[in-house]
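Structural description and commentary
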Amino acid sequence: MTFNNLGLIQPILEALEEKGYTQPTPIQEQAIPILLKRRDLLGCAQTGTGKTAAFAIPIIQLIEQNKDDQAGKRKVKALVVTPTRELAIQIGENFTAYCKHTRLRNTVIFGGVKQGAQTNALRGGVDILVATPGRLLDLIQQGYITLKHIEYFVLDEADQMLDMGFIHDIKKILAKLPKERQSLFFSATMPKNIVALSREILGNYDKVTIQPEQATAERVEQAICYVAKKDKPALLVHLIHDKNPESTLVFSRTKHGADKIVRKLSKANITAAAIHGNKSQNQRQRALGDFKKGKLNVLVATDIAARGIDVSQLELVINYDLPNVAETYVHRIGRTGRASASGESISFCDIDEKAYLKDIQKLIGQHIPVIEDHPYPDDGTQLPSKPGSNQRNNNNRNRNKNNRHRNRSRNR
Ligand code: AMP
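Quick summary incoming for the structure in this document.

**Topic: the overall build of the chain**
When its secondary structure is counted, the chain shows 17 helices and 13 strands. Counting over 412 residues, the chain shows a buried share of 57%. Counting contacts in the chain only where the partners sit at least 6 residues apart, residues at least 24 apart contribute 78% of the total. Of the roughly 18,400 Å² of accessible surface on the chain, 47% is carried by carbon and sulfur atoms.

**Overview of the environment of I346**
Mapped onto the secondary structure, I346 falls in strand β13 (residues 343–349). In the structure, I346 is positioned 22 residues away from I368 in sequence and 9.7 Å away in space, judged by C-alpha atoms.

**Details of the sheet that holds strand β5 (residues 152–155)**
Strands sit in the order β3-β4-β2-β5-β6-β1-β7 across an open sheet of 7 strands; the sheet is parallel. Each end of this open sheet is capped by a strand with a single partner; those strands are β3 (106–109) and β7 (205–209). The average undirected angle you get between the axes of adjacent strands in this sheet is 15°. Sheet topology places strand β1 (residues 40–44) next to β7; 5 bridges connect them, and they run parallel. Looking at the pairing, G43 lines up with V208 of β7.

**A short note on the environment of A31**
Note on placement: A31 falls in helix α2 (residues 26–36). Given the relative accessible area of 0%, A31 is considered buried. C-alpha of A31 to C-alpha of G43: the two residues are 12 residues apart in sequence and 8.2 Å apart in space. Those residues in contact with A31 that lie beyond four places of it in its chain are L41, A54 and V208.

**Regarding the packing of aromatic side chains**
Aromatic rings considered in pairs are described by the distance between their centres and by the relative angle of their planes. Going through the model one piece at a time under the given rule, you end up with 4 aromatic pairs. Between F55 and F95 the ring centres are 6.3 Å apart and the planes differ by 45°, which places this aromatic pair in the tilted class. On the criterion of sequence distance, the pair formed by F55 in helix α3 (residues 51–65) and F95 in helix α4 (residues 85–99) is long-range, its members being 40 residues apart. Overall, the relative accessible area of 0% leaves F95 in the buried class. Joined through ring pairs, the aromatic side chains of F55, F95 and F186 make up one cluster.

**Here's the deal with a positive patch on the surface**
Taken together, the side chains of K260, R263, K264 and K267 make up a positively charged region of the molecular surface. Within the element layout of this structure, K267 appears in helix α12 (residues 255–267).

**Examining unusual backbone geometry**
Of note in the backbone geometry, R38 takes a positive phi value of approximately 65° without being a glycine. By the secondary structure assignment, R38 is in the loop between α2 and β1. The backbone of N269 sits at a positive phi, close to 60°, despite the residue not being glycine. Along the chain, N269 turns up in the loop between α12 and β10 (272–275). With relative accessibility at 70%, the residue N269 sits in the exposed group.

**So, the nonpolar core**
The nonpolar side chains of soluble globular proteins are, as a tendency, buried together. Counting residues in hydrophobic clusters, the biggest one holds 44 residues, and the most contacted among them are L8, F55, I57 and F95. At the level of elements, α1 (10–19), α2, α3, β2 (78–81), α4, β4 (128–131), β5 and β6 (182–187) are the ones that each hand at least two residues to this core. Considering every element that reaches this core, the biggest residue donor is α3, with 9 residues. If we ignore the near neighbours within four places in the chain, the residues touching F95 are F55, A56, I60, V80, N106, I128 and V130. Core analysis: the next-biggest nonpolar cluster, separate from the first, contains 31 residues, L129, L136, L137 and I173 among them.

**Quick look at the site of the ligand**
For the ligand, the set of nearby residues contains 15 residues, the closest of which are Y21, Q28, G48, T52 and D310. Between the ligand and Q28, the relevant distance is 2.7 Å, taken from a nitrogen atom to a side-chain nitrogen or oxygen of the residue. Between the ligand and the protein, one listed contact pairs an oxygen atom with a backbone N or O atom of T49 at 3.0 Å. When the residues that make up the shell around the ligand are grouped by side-chain class, the tally is 4 nonpolar, 8 polar and 3 charged.

**Some points on α2**
Along α2, the residues classified as buried are I27, Q28, A31, I32, I34 and L35. R38 occupies a position one or two residues after α2 and carries a positive phi of about 65°.

What counts and how
- Residues numbered from 1 in each chain as written.
- Predicted model: local features only at pLDDT ≥ 70, side-chain atom pairs only at ≥ 80, totals over all residues.
- Heavy atoms only, no water.
- Helix = DSSP H or I, 4+ residues; strand = E, 2+ residues; numbered from the N terminus.
- Buried < 20%, exposed > 50% of the residue type's maximum accessible area, 1.4 Å probe, protein only.
- Contact = heavy atoms within 4.5 Å.
- Areas by Shrake-Rupley, 256 points an atom, 1.4 Å probe, with all protein chains shown as cover.
- Pairing = 2+ DSSP bridges.
- Axes fitted to C-alpha atoms, helices over the stretch in contact; angles between N-to-C directions.
- Phe/Tyr/Trp six-rings, centres within 6.5 Å; stacked < 30°, edge-to-face > 60°.
- Patch = residues over 30% accessible without salt bridge, like charges linked within 9 Å, V, L, I, M, F, W, Y side chains within 5 Å.
- Salt bridge = Lys/Arg side-chain N within 4 Å of Asp/Glu carboxyl O.
- Lys, Arg positive; Asp, Glu negative; His and termini not counted.
- Charge placed at Lys NZ, Arg CZ, Asp CG, Glu CD.
- Core = buried A, V, L, I, M, F, W, Y, C linked by side-chain atoms within 4.5 Å.
- Near = heavy atom within 4 Å.
- Polar contact = N/O pair within 3.5 Å; in protein donor to acceptor, adjacent residues only side chain to side chain.
- Nonpolar A, V, L, I, M, F, W, Y, C, P; charged D, E, K, R; others polar.

So far we have only geometry, and geometry alone does not tell us how the molecule works.
This is the structure in structure tokens:
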């Protein structure tokens, strides 16, 4: 199967060639023909599968083919709503690349930065808008955007959207959309509340399911290091020196922890930067940009980055802390091994985290191999951090299962 077989127009084929894409990924192969027929789509897929191009390409083609009907000032005809700023920027970059040889214009709006540049771009007229929910509603309220002319609506990462508490914002946005439109709904998981939301958005739809989460885990070479909490910084320094990867993404459970890791690495002459919710949007973008360009070899992130980051050829993911929600582990290691590439992940596990490891192995249906011969092995003498903390971990685990939203939000 080639992109030619999918009936794409020349300006898009040229852009794809320039991106170096030789053949469509499975989600592109399945979704593009459905969308070109103007059907609604329910996509069960996560980032890393080529999902963005799967929805961006047909939207661009349909607008480009109908552009002659649309005289006068450009109106926003396609709206993509996505939960995080990083994802919004990434999707915007993809649209820019695929639109390169068309006459369409796209822009991205998100919170945490001044709105001037965004409202200027909107004033100039855009065809395609990528937005996070809060800033979108804000700029609608201020009169910079109307959704009256939307023909294509994409709700991306719906499960994360609900985890982040955006349900009311989404409902407000839906109420402003024209009834007559083509709708696309993507989610990595499909629990009941997500299926219910999809029914509110989609008309008659086709469904595409790609890559159950376990498959991501199968592509990545994974390992566990049992290590005492106090030895984690030294083990991290050792691994980075020993493996000397071009790019390492380190996950920390907390913002404070991420900053601490950066300081420890700096003492060992390893330059790193942190991205998390307490950093300004400009700091976050600079750190992520440097990391993507290869100027920065080590990036330390909280889970805000777990789904958003797309670094081609990311070599190593280190879970400095194991996540307390098992699905988060899959999203984290999925930052490496993107599209068809393979990748490596190493997770540190201290005595307090063993219960989390058990949950993770159950979810992915794999036993993660243990690295025994590292210089800071946990000799089994360490005690849980506080008396009774094992019991507390178990209680926490149960609470987490019932209340993922609160835990995830707090960790961001
Ligand atoms: P996404 O799931 O949209 O985040 O895409 C994951 C990565 O795969 C991104 O780096 C894309 O640029 C890349 N990609 C998307 N489609 C293709 C393709 N057909 N061939 C090669 N790489 C692709």
